[in-house]
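This is what each chain is made of:
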Amino acid sequence: MATHETLSGHTIEYEPTPELAAFLARLQALLDDPSKREADMIALAYSRENPLLEPWPFDASRGMVTAAVLAEPAYHVIGDMLFRKRVQDTGTDVAKIAARYTLTIGETAERLGIHESAVRQGIAARRLSSWVKDGRHYLDPVAVDSYKVGPHGPKPPAPRPSNLTPLRVVLGRVQGYNLKVKYPGELEGEERIAEHTIAGNVPRWARVAVFTGHAGTARMFVLEPDPDAEEQTLEHNAFSVRGRFKIVEKINNAAKAGEAWKRFEAA
Amino acid sequence: MFEVQVFIPVADNNGVAFGDDDYAALEAEIMSRFGGLSLNPGTAVGSWVDNGKRYDDRHRIYSVVVRSLTQGHLIGEVVEIAKRRFRQEAIFFRYLGQAEIL
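Everything in this summary refers to the structure shown in the same document. (Residues numbered from 1 in each chain as written. Chains lettered and ligands numbered in written order. Predicted model: local features only at pLDDT ≥ 70, side-chain atom pairs only at ≥ 80, totals over all residues. Heavy atoms only, no water.)

It is worth spelling out the overall build of chain B at this point. The helix and strand tally for chain B stands at two helices and six strands. Secondary structure elements of chain B occur, N-terminal to C-terminal, as β-α-β-β-β-α-β-β. Looking at chain B alone, contacts between residues at least 24 apart form 63% of all its contacts between residues at least 6 apart. (Helix = DSSP H or I, 4+ residues; strand = E, 2+ residues; numbered from the N terminus. Contact = heavy atoms within 4.5 Å.)

Below is the structure:
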(Lines give C-alpha, C1' and ligand atoms only; values in the text may rest on other atoms or scores of the structure.)
Protein backbone atom coordinates (compact mmCIF):
# COMPACT_ATOMS: atom_id res chain seq x y z
CA MET A 1 0.00 0.00 0.00
CA ALA A 2 1.39 3.42 -0.95
CA THR A 3 0.26 6.77 0.40
CA HIS A 4 0.40 10.22 -1.12
CA GLU A 5 -0.18 13.53 0.64
CA THR A 6 -1.83 16.06 -1.63
CA LEU A 7 -1.11 19.76 -1.65
CA SER A 8 -4.63 20.28 -0.27
CA GLY A 9 -3.88 18.14 2.79
CA HIS A 10 -5.64 14.91 1.81
CA THR A 11 -4.06 11.49 2.13
CA ILE A 12 -4.53 9.11 -0.78
CA GLU A 13 -3.93 5.41 -0.26
CA TYR A 14 -3.43 3.29 -3.34
CA GLU A 15 -1.93 0.00 -4.44
CA PRO A 16 0.36 0.55 -7.44
CA THR A 17 1.20 -2.26 -9.77
CA PRO A 18 4.87 -2.32 -10.86
CA GLU A 19 3.77 -0.85 -14.19
CA LEU A 20 1.91 2.00 -12.51
CA ALA A 21 4.75 2.66 -10.08
CA ALA A 22 7.15 2.98 -13.02
CA PHE A 23 4.76 5.35 -14.77
CA LEU A 24 4.37 7.51 -11.67
CA ALA A 25 8.16 7.67 -11.43
CA ARG A 26 8.28 9.10 -14.95
CA LEU A 27 5.74 11.75 -14.02
CA GLN A 28 7.68 12.55 -10.86
CA ALA A 29 10.80 13.10 -12.97
CA LEU A 30 8.91 15.67 -15.04
CA LEU A 31 7.62 17.29 -11.85
CA ASP A 32 11.15 17.55 -10.51
CA ASP A 33 12.52 18.99 -13.75
CA PRO A 34 12.14 22.79 -13.68
CA SER A 35 12.49 22.96 -17.46
CA LYS A 36 9.29 20.93 -17.92
CA ARG A 37 5.81 22.40 -17.77
CA GLU A 38 2.41 21.06 -16.79
CA ALA A 39 1.69 20.70 -20.51
CA ASP A 40 4.53 18.15 -20.73
CA MET A 41 3.11 16.20 -17.83
CA ILE A 42 -0.41 16.26 -19.27
CA ALA A 43 0.90 14.91 -22.58
CA LEU A 44 2.32 11.89 -20.75
CA ALA A 45 -0.40 11.49 -18.11
CA TYR A 46 -3.18 11.29 -20.70
CA SER A 47 -1.32 9.21 -23.23
CA ARG A 48 -1.81 5.49 -23.79
CA GLU A 49 1.35 4.95 -21.77
CA ASN A 50 -0.68 5.58 -18.64
CA PRO A 51 -1.68 2.07 -17.52
CA LEU A 52 -4.78 3.40 -15.78
CA LEU A 53 -6.45 4.74 -18.89
CA GLU A 54 -8.62 3.14 -21.56
CA PRO A 55 -8.03 3.81 -25.27
CA TRP A 56 -9.37 7.12 -26.53
CA PRO A 57 -11.73 6.34 -29.42
CA PHE A 58 -10.63 9.27 -31.58
CA ASP A 59 -6.84 8.99 -31.26
CA ALA A 60 -4.97 5.77 -30.51
CA SER A 61 -2.07 7.64 -28.88
CA ARG A 62 -4.29 9.11 -26.18
CA GLY A 63 -5.90 7.63 -23.11
CA MET A 64 -9.46 7.95 -21.88
CA VAL A 65 -10.71 8.49 -18.37
CA THR A 66 -13.81 6.46 -17.56
CA ALA A 67 -15.89 6.26 -14.40
CA ALA A 68 -13.75 3.32 -13.29
CA VAL A 69 -10.58 5.37 -13.76
CA LEU A 70 -12.05 8.28 -11.80
CA ALA A 71 -12.69 5.87 -8.95
CA GLU A 72 -9.01 4.84 -8.89
CA PRO A 73 -7.12 6.61 -6.08
CA ALA A 74 -3.92 6.57 -8.15
CA TYR A 75 -5.61 8.76 -10.80
CA HIS A 76 -5.91 11.49 -8.19
CA VAL A 77 -2.27 11.06 -7.21
CA ILE A 78 -1.52 12.02 -10.82
CA GLY A 79 -3.94 14.94 -10.53
CA ASP A 80 -2.07 16.23 -7.51
CA MET A 81 1.26 15.91 -9.30
CA LEU A 82 -0.13 18.02 -12.16
CA PHE A 83 -1.40 20.52 -9.59
CA ARG A 84 2.06 20.84 -8.07
CA LYS A 85 3.57 21.53 -11.48
CA ARG A 86 0.79 24.04 -12.22
CA VAL A 87 1.69 25.88 -9.03
CA GLN A 88 5.31 26.01 -10.19
CA ASP A 89 4.32 27.17 -13.69
CA THR A 90 2.05 29.95 -12.51
CA GLY A 91 4.21 30.98 -9.57
CA THR A 92 1.09 30.80 -7.41
CA ASP A 93 1.41 31.21 -3.67
CA VAL A 94 -0.25 28.05 -2.30
CA ALA A 95 -1.58 30.05 0.62
CA LYS A 96 -3.66 32.10 -1.83
CA ILE A 97 -5.24 28.93 -3.19
CA ALA A 98 -5.96 27.67 0.33
CA ALA A 99 -7.46 31.05 1.19
CA ARG A 100 -10.35 30.32 -1.20
CA TYR A 101 -11.53 27.52 1.11
CA THR A 102 -13.40 29.21 3.95
CA LEU A 103 -16.57 27.20 4.66
CA THR A 104 -16.67 24.48 7.29
CA ILE A 105 -18.59 21.27 6.62
CA GLY A 106 -21.41 22.55 8.82
CA GLU A 107 -21.60 25.87 7.00
CA THR A 108 -21.56 24.06 3.66
CA ALA A 109 -24.38 21.75 4.74
CA GLU A 110 -26.47 24.73 5.81
CA ARG A 111 -25.74 26.57 2.57
CA LEU A 112 -26.78 23.57 0.47
CA GLY A 113 -29.69 22.51 2.66
CA ILE A 114 -28.34 19.00 3.16
CA HIS A 115 -26.91 16.94 6.03
CA GLU A 116 -23.28 17.18 6.99
CA SER A 117 -22.94 13.51 6.11
CA ALA A 118 -23.98 14.34 2.55
CA VAL A 119 -21.25 16.98 2.39
CA ARG A 120 -18.70 14.42 3.58
CA GLN A 121 -19.97 11.99 0.96
CA GLY A 122 -19.61 14.70 -1.67
CA ILE A 123 -16.02 15.28 -0.59
CA ALA A 124 -15.29 11.54 -0.61
CA ALA A 125 -16.82 11.29 -4.09
CA ARG A 126 -14.74 14.31 -5.17
CA ARG A 127 -17.84 16.21 -6.27
CA LEU A 128 -17.07 18.76 -3.57
CA SER A 129 -13.48 19.91 -3.24
CA SER A 130 -12.01 20.67 0.15
CA TRP A 131 -8.77 21.88 1.65
CA VAL A 132 -7.64 20.38 4.92
CA LYS A 133 -6.42 22.92 7.47
CA ASP A 134 -5.45 21.80 10.96
CA GLY A 135 -7.23 18.51 10.37
CA ARG A 136 -10.53 20.11 9.34
CA HIS A 137 -12.09 20.28 5.90
CA TYR A 138 -12.83 23.70 4.44
CA LEU A 139 -14.72 24.27 1.20
CA ASP A 140 -14.68 27.00 -1.44
CA PRO A 141 -17.99 28.93 -1.39
CA VAL A 142 -17.81 29.48 -5.15
CA ALA A 143 -17.41 25.74 -5.73
CA VAL A 144 -20.20 24.99 -3.24
CA ASP A 145 -22.57 27.32 -5.08
CA SER A 146 -21.70 25.68 -8.41
CA TYR A 147 -22.49 22.32 -6.80
CA LYS A 148 -26.07 23.52 -6.31
CA VAL A 149 -26.44 24.39 -9.99
CA GLY A 150 -26.08 20.91 -11.46
CA PRO A 151 -28.89 18.35 -11.31
CA HIS A 152 -26.57 16.12 -9.31
CA GLY A 153 -26.38 18.48 -6.35
CA PRO A 154 -28.18 17.86 -3.06
CA LYS A 155 -29.88 14.51 -2.77
CA PRO A 156 -33.66 14.48 -3.24
CA PRO A 157 -35.81 13.97 -0.14
CA ALA A 158 -35.69 10.41 1.22
CA PRO A 159 -38.37 8.15 -0.30
CA ARG A 160 -41.47 7.66 1.79
CA PRO A 161 -41.53 4.33 3.65
CA SER A 162 -43.65 1.75 1.92
CA ASN A 163 -45.65 -1.00 3.58
CA LEU A 164 -46.61 -2.42 0.18
CA THR A 165 -43.30 -4.19 -0.22
CA PRO A 166 -42.37 -5.93 3.04
CA LEU A 167 -39.01 -7.68 3.04
CA ARG A 168 -38.47 -11.21 4.28
CA VAL A 169 -34.96 -11.48 5.67
CA VAL A 170 -32.91 -14.45 6.80
CA LEU A 171 -29.73 -13.17 8.34
CA GLY A 172 -26.84 -14.31 10.53
CA ARG A 173 -23.55 -16.10 10.11
CA VAL A 174 -22.49 -19.68 9.44
CA GLN A 175 -19.30 -21.33 8.20
CA GLY A 176 -17.67 -18.04 7.33
CA TYR A 177 -20.69 -16.69 5.47
CA ASN A 178 -22.61 -13.79 6.95
CA LEU A 179 -25.43 -11.50 5.94
CA LYS A 180 -26.64 -8.50 7.88
CA VAL A 181 -29.27 -5.90 7.12
CA LYS A 182 -29.72 -2.32 8.31
CA TYR A 183 -33.45 -1.66 8.43
CA PRO A 184 -35.73 0.78 10.23
CA GLY A 185 -37.67 -0.29 13.29
CA GLU A 186 -37.99 -3.88 14.44
CA LEU A 187 -38.32 -7.21 12.69
CA GLU A 188 -41.85 -8.59 12.73
CA GLY A 189 -42.35 -12.26 13.41
CA GLU A 190 -38.71 -12.67 14.37
CA GLU A 191 -37.72 -16.30 14.87
CA ARG A 192 -34.43 -18.06 15.46
CA ILE A 193 -34.19 -20.78 12.85
CA ALA A 194 -30.64 -21.91 13.65
CA GLU A 195 -27.99 -21.16 16.26
CA HIS A 196 -26.72 -18.05 14.45
CA THR A 197 -29.58 -17.41 12.06
CA ILE A 198 -32.76 -15.42 12.50
CA ALA A 199 -35.60 -14.70 10.11
CA GLY A 200 -38.30 -12.07 10.11
CA ASN A 201 -40.11 -9.41 8.15
CA VAL A 202 -39.28 -5.74 7.65
CA PRO A 203 -42.81 -4.44 7.28
CA ARG A 204 -42.24 -0.78 6.46
CA TRP A 205 -39.10 0.59 4.89
CA ALA A 206 -37.82 3.05 2.29
CA ARG A 207 -34.14 2.24 2.16
CA VAL A 208 -32.13 -0.65 3.57
CA ALA A 209 -28.57 -1.87 3.26
CA VAL A 210 -27.60 -5.51 2.91
CA PHE A 211 -24.03 -6.52 3.77
CA THR A 212 -22.68 -9.92 2.76
CA GLY A 213 -19.32 -11.36 3.68
CA HIS A 214 -17.29 -14.47 3.09
CA ALA A 215 -13.59 -15.33 3.37
CA GLY A 216 -12.30 -11.75 3.42
CA THR A 217 -14.59 -10.53 0.66
CA ALA A 218 -17.56 -8.28 1.29
CA ARG A 219 -20.27 -6.51 -0.67
CA MET A 220 -22.96 -4.04 0.16
CA PHE A 221 -26.27 -3.47 -1.59
CA VAL A 222 -28.66 -0.56 -1.05
CA LEU A 223 -32.27 -1.47 -1.74
CA GLU A 224 -35.35 0.67 -2.30
CA PRO A 225 -38.95 -0.54 -2.62
CA ASP A 226 -40.27 -1.25 -6.10
CA PRO A 227 -43.93 -2.33 -5.87
CA ASP A 228 -44.08 -2.82 -9.64
CA ALA A 229 -41.19 -5.26 -9.72
CA GLU A 230 -41.43 -9.04 -9.61
CA GLU A 231 -40.57 -10.49 -6.23
CA GLN A 232 -36.87 -11.32 -6.16
CA THR A 233 -34.37 -12.75 -3.74
CA LEU A 234 -30.90 -11.58 -2.84
CA GLU A 235 -29.19 -14.77 -1.68
CA HIS A 236 -25.94 -15.41 0.10
CA ASN A 237 -25.41 -19.06 1.04
CA ALA A 238 -28.11 -19.86 3.60
CA PHE A 239 -29.17 -16.23 3.98
CA SER A 240 -31.46 -14.07 1.92
CA VAL A 241 -33.50 -10.94 1.46
CA ARG A 242 -36.74 -11.41 -0.47
CA GLY A 243 -39.27 -8.86 -1.65
CA ARG A 244 -40.14 -6.35 -4.35
CA PHE A 245 -37.17 -4.05 -4.50
CA LYS A 246 -34.61 -2.45 -6.76
CA ILE A 247 -30.90 -2.39 -6.08
CA VAL A 248 -29.93 1.30 -6.25
CA GLU A 249 -26.31 0.88 -5.22
CA LYS A 250 -23.85 -2.00 -5.18
CA ILE A 251 -20.35 -1.89 -3.68
CA ASN A 252 -18.10 -4.84 -4.46
CA ASN A 253 -14.91 -3.62 -2.78
CA ALA A 254 -14.65 -4.99 0.76
CA ALA A 255 -13.03 -1.91 2.30
CA LYS A 256 -15.45 0.49 0.63
CA ALA A 257 -18.39 -1.72 1.55
CA GLY A 258 -17.27 -1.64 5.18
CA GLU A 259 -17.02 2.15 5.21
CA ALA A 260 -20.36 2.57 3.46
CA TRP A 261 -22.00 0.18 5.96
CA LYS A 262 -20.79 2.29 8.88
CA ARG A 263 -22.19 5.47 7.31
CA PHE A 264 -25.49 4.01 6.10
CA GLU A 265 -28.73 5.17 7.71
CA ALA A 266 -31.78 3.03 7.04
CA ALA A 267 -35.14 4.66 6.43
CA MET B 1 -20.24 9.54 -31.53
CA PHE B 2 -18.10 12.68 -31.65
CA GLU B 3 -15.65 14.68 -29.57
CA VAL B 4 -16.34 18.01 -27.90
CA GLN B 5 -13.40 20.05 -26.59
CA VAL B 6 -14.00 22.34 -23.63
CA PHE B 7 -11.41 24.94 -22.65
CA ILE B 8 -10.95 25.30 -18.87
CA PRO B 9 -8.54 27.91 -17.43
CA VAL B 10 -5.59 26.88 -15.28
CA ALA B 11 -5.79 29.99 -13.09
CA ASP B 12 -8.29 32.69 -12.21
CA ASN B 13 -8.12 36.27 -13.45
CA ASN B 14 -5.74 37.13 -10.60
CA GLY B 15 -3.34 34.42 -11.71
CA VAL B 16 -4.10 32.09 -8.78
CA ALA B 17 -3.98 28.50 -10.00
CA PHE B 18 -6.99 26.24 -9.63
CA GLY B 19 -6.53 23.17 -7.46
CA ASP B 20 -6.63 19.54 -8.43
CA ASP B 21 -9.95 19.10 -6.66
CA ASP B 22 -11.52 21.76 -8.89
CA TYR B 23 -10.71 19.66 -11.94
CA ALA B 24 -11.63 16.42 -10.19
CA ALA B 25 -15.06 17.84 -9.40
CA LEU B 26 -15.54 18.99 -13.00
CA GLU B 27 -14.45 15.58 -14.25
CA ALA B 28 -16.99 13.95 -11.92
CA GLU B 29 -19.70 16.17 -13.39
CA ILE B 30 -18.60 15.32 -16.93
CA MET B 31 -18.44 11.60 -16.14
CA SER B 32 -21.94 11.59 -14.66
CA ARG B 33 -23.24 12.76 -18.02
CA PHE B 34 -20.89 11.21 -20.55
CA GLY B 35 -18.95 7.99 -20.84
CA GLY B 36 -15.41 9.24 -21.15
CA LEU B 37 -13.07 12.19 -21.18
CA SER B 38 -9.46 12.96 -21.85
CA LEU B 39 -7.11 15.91 -21.64
CA ASN B 40 -5.45 17.10 -24.81
CA PRO B 41 -1.66 17.35 -24.76
CA GLY B 42 -0.44 20.80 -23.85
CA THR B 43 -2.45 23.84 -22.94
CA ALA B 44 -4.02 26.57 -25.06
CA VAL B 45 -2.91 30.15 -24.64
CA GLY B 46 -5.34 32.94 -25.34
CA SER B 47 -5.92 36.60 -24.78
CA TRP B 48 -8.95 38.76 -24.32
CA VAL B 49 -9.68 42.37 -23.60
CA ASP B 50 -12.17 43.70 -21.11
CA ASN B 51 -12.66 47.40 -20.42
CA GLY B 52 -9.44 48.17 -22.21
CA LYS B 53 -7.43 45.76 -20.13
CA ARG B 54 -5.79 42.75 -21.77
CA TYR B 55 -5.89 39.38 -20.01
CA ASP B 56 -3.75 36.44 -21.04
CA ASP B 57 -4.64 33.00 -19.88
CA ARG B 58 -3.89 29.37 -20.41
CA HIS B 59 -6.42 26.59 -20.65
CA ARG B 60 -6.57 22.89 -20.29
CA ILE B 61 -8.47 21.35 -23.18
CA TYR B 62 -10.84 18.67 -22.04
CA SER B 63 -12.18 16.29 -24.65
CA VAL B 64 -15.51 14.65 -24.00
CA VAL B 65 -17.05 11.68 -25.80
CA VAL B 66 -20.57 12.63 -26.85
CA ARG B 67 -22.62 9.74 -28.13
CA SER B 68 -25.34 11.71 -29.85
CA LEU B 69 -26.49 15.24 -30.67
CA THR B 70 -29.36 14.56 -28.29
CA GLN B 71 -26.81 14.94 -25.48
CA GLY B 72 -26.07 18.51 -26.54
CA HIS B 73 -27.95 20.01 -23.61
CA LEU B 74 -25.61 18.11 -21.25
CA ILE B 75 -22.65 20.00 -22.70
CA GLY B 76 -24.54 23.16 -21.82
CA GLU B 77 -24.89 21.93 -18.23
CA VAL B 78 -21.18 21.20 -17.98
CA VAL B 79 -20.34 24.64 -19.39
CA GLU B 80 -22.59 26.36 -16.83
CA ILE B 81 -20.99 24.40 -13.99
CA ALA B 82 -17.52 25.22 -15.33
CA LYS B 83 -18.30 28.92 -15.58
CA ARG B 84 -19.29 29.12 -11.95
CA ARG B 85 -16.61 26.84 -10.60
CA PHE B 86 -13.77 28.46 -12.53
CA ARG B 87 -15.08 31.99 -12.10
CA GLN B 88 -15.50 32.66 -15.81
CA GLU B 89 -17.85 34.93 -17.72
CA ALA B 90 -17.73 32.55 -20.66
CA ILE B 91 -16.34 29.17 -21.67
CA PHE B 92 -14.98 28.37 -25.13
CA PHE B 93 -15.69 24.97 -26.64
CA ARG B 94 -15.52 23.41 -30.08
CA TYR B 95 -16.96 20.40 -31.86
CA LEU B 96 -17.32 19.08 -35.42
CA GLY B 97 -15.26 21.96 -36.79
CA GLN B 98 -17.41 24.56 -35.04
CA ALA B 99 -16.59 26.77 -32.05
CA GLU B 100 -18.85 28.44 -29.50
CA ILE B 101 -18.47 30.67 -26.51
CA LEU B 102 -21.20 30.24 -23.93
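Now that the structure has been shown, we can carry on.
The periodicity of an α-helix, 3.6 residues per turn, causes residues three or four positions apart to be oriented the same way. All names here are of chain A. Every buried residue belonging to helix α7 (residues 116-124) is among Ala118, Val119, Gly122 and Ile123, and all of these are buried. For α7, the angular spread of buried residues about the axis comes to 145°, placing them on one side. Considering only its buried residues, α7 is in contact with α6 (105-112), β5 (130-133) and β6 (136-139). In the segment just after α7, Arg126 is the residue with positive phi, at about 65°. (Buried < 20%, exposed > 50% of the residue type's maximum accessible area, 1.4 Å probe, protein only. Arc of directions from axis to C-beta.)

Okay, the packing of aromatic side chains next. Scanning the entire structure with this criterion turns up nine aromatic pairs over all chains. Ring geometry for A:Trp56 and A:Phe58: centres 5.5 Å apart, planes at 65°, overall edge-to-face. On the accessibility criterion, A:Trp56 (2% relative accessible area) is buried. Overall, the relative accessible area of 33% leaves A:Phe58 in the partly exposed class. Look at B:Tyr23 and B:Phe86: their rings are 5.2 Å apart centre to centre, the planes differ by 35°, and that puts the pair in the tilted class. Of this pair, B:Tyr23 sits in helix α1 (residues 20-33) while B:Phe86 sits in the loop between α2 (72-85) and β5 (92-95), and the two are 63 residues apart along the sequence. Assessed through its relative accessible area of 0%, B:Phe86 is described here as buried. Aromatic ring contacts, followed pair by pair, group A:Phe83, A:Tyr101 and A:Trp131 into a single cluster. (Phe/Tyr/Trp six-rings, centres within 6.5 Å; stacked < 30°, edge-to-face > 60°.)

Turning our eyes to something else, we now look at the interface of chain B and chain A. Contacts between the two partners involve 41 residues from chain B, matched on the other side by 43 residues from chain A. Interface area, chain B with chain A, both sides summed: about 3600 Å², of which 56% is carbon and sulfur. Per-residue buried area on chain B facing chain A is highest for B:Asp20, B:Asp21 and B:Arg85; these three make up 15% of the total on that side. Along the contact surface separating chain B from chain A lie five salt bridges. (Buried area = accessible area lost by both parts, 1.4 Å probe. Salt bridge = Lys/Arg side-chain N within 4 Å of Asp/Glu carboxyl O.)

Before going further, it helps to spend a moment on the packing of helix α4 (residues 73-90) of chain A against α1(B). The geometry of α4(A) relative to α1(B) is characterised by a closest axis approach of 9 Å and an angle of 135° between their N-to-C directions. Looking at the two axes, α4(A) sits oblique to α1(B). The way α4(A) lies across α1(B) gives a crossing that is right-handed. Contact residues: α4(A) offers A:Tyr75, A:His76, A:Gly79, A:Asp80, A:Phe83 and A:Arg86, while α1(B) offers B:Asp20, B:Tyr23, B:Ala24 and B:Glu27. (Axes fitted to C-alpha atoms, helices over the stretch in contact; angles between N-to-C directions. Parallel < 35°, antiparallel > 145°, perpendicular 65-115°, else oblique. Left-handed = near helix turned anticlockwise from the far one by under 90°.)

Let us now look at the nonpolar core. Judged by nonpolar contacts, the single largest core of 50 residues is most densely connected at A:Leu27, A:Tyr46, A:Val65, A:Ile78, B:Ile8, B:Leu26 and B:Phe34. Excluding anything up to four places from it in sequence, B:Leu26 contacts B:Ile8, B:Tyr62, B:Val78, B:Ala82 and B:Phe86. Counting residues in each nonpolar core, the second largest holds 19 residues, with A:Val170, A:Leu171, A:Leu234 and A:Phe239 among its members. (Core = buried A, V, L, I, M, F, W, Y, C linked by side-chain atoms within 4.5 Å.)

What follows deals with the packing of helix α1 (residues 18-32) of chain A against helix α2 (residues 38-45) of chain A. Residue and element names in this part refer to chain A. Contact geometry of α1 with α2 gives a least axis separation of 9 Å together with a crossing angle of 170°. Taken together, α1 and α2 sit at an angle that is classed as roughly antiparallel. For the pair α1 and α2, the contacting residues are Phe23, Arg26, Leu27, Leu30 and Leu31 in the first and Asp40, Met41, Leu44 and Ala45 in the second. The residue makeup of the contact of α1 with α2, split by class, is seven nonpolar, no polar and two charged. (Nonpolar A, V, L, I, M, F, W, Y, C, P; charged D, E, K, R; others polar.)

For the rest of this paragraph, the subject is empty space enclosed by the protein. With a probe scaled to a water molecule rolled over the atoms, the places where space remains empty come into view. By the definition in use, this model includes one cavity of 30 Å³ or more. Taken as a whole, the largest cavity encloses approximately 70 Å³ of empty space. Considering the residues around the largest cavity, the lining is formed by A:Tyr46, A:Tyr75, A:His76, A:Ile78, A:Gly79, A:Leu82, B:Asp20, B:Tyr23, B:Ala24, B:Glu27 and B:Arg60. When contributions to the lining of the largest cavity are tallied by element, the ones reaching two or more residues are α4 of chain A together with α1 of chain B. When residues of the lining of the largest cavity are assigned to their parent elements, the largest contribution, five residues, is made by α4(A). (1 Å grid on protein atoms, 1.4 Å probe; cavity = no way out; pocket = protein on both sides within 12 Å on 5 of 7 lines; lining within 4 Å. Points joined across faces, edges and corners; volume = space filled by probe spheres on them.)

The next thing to look at is the environment of A:Glu186. Residue and element names in this part refer to chain A. Following the sequence through the fold, Glu186 ends up in the loop between β8 (177-182) and β9 (188-194). A relative accessible area of 66% places Glu186 in the exposed class. Expressed as a C-alpha distance, the spacing of Glu186 and Asn201, which sit 15 residues apart in the sequence, is 8.6 Å. Glu186 has contacts with Asn201 and Pro203, leaving out every residue within four places of it along the chain.

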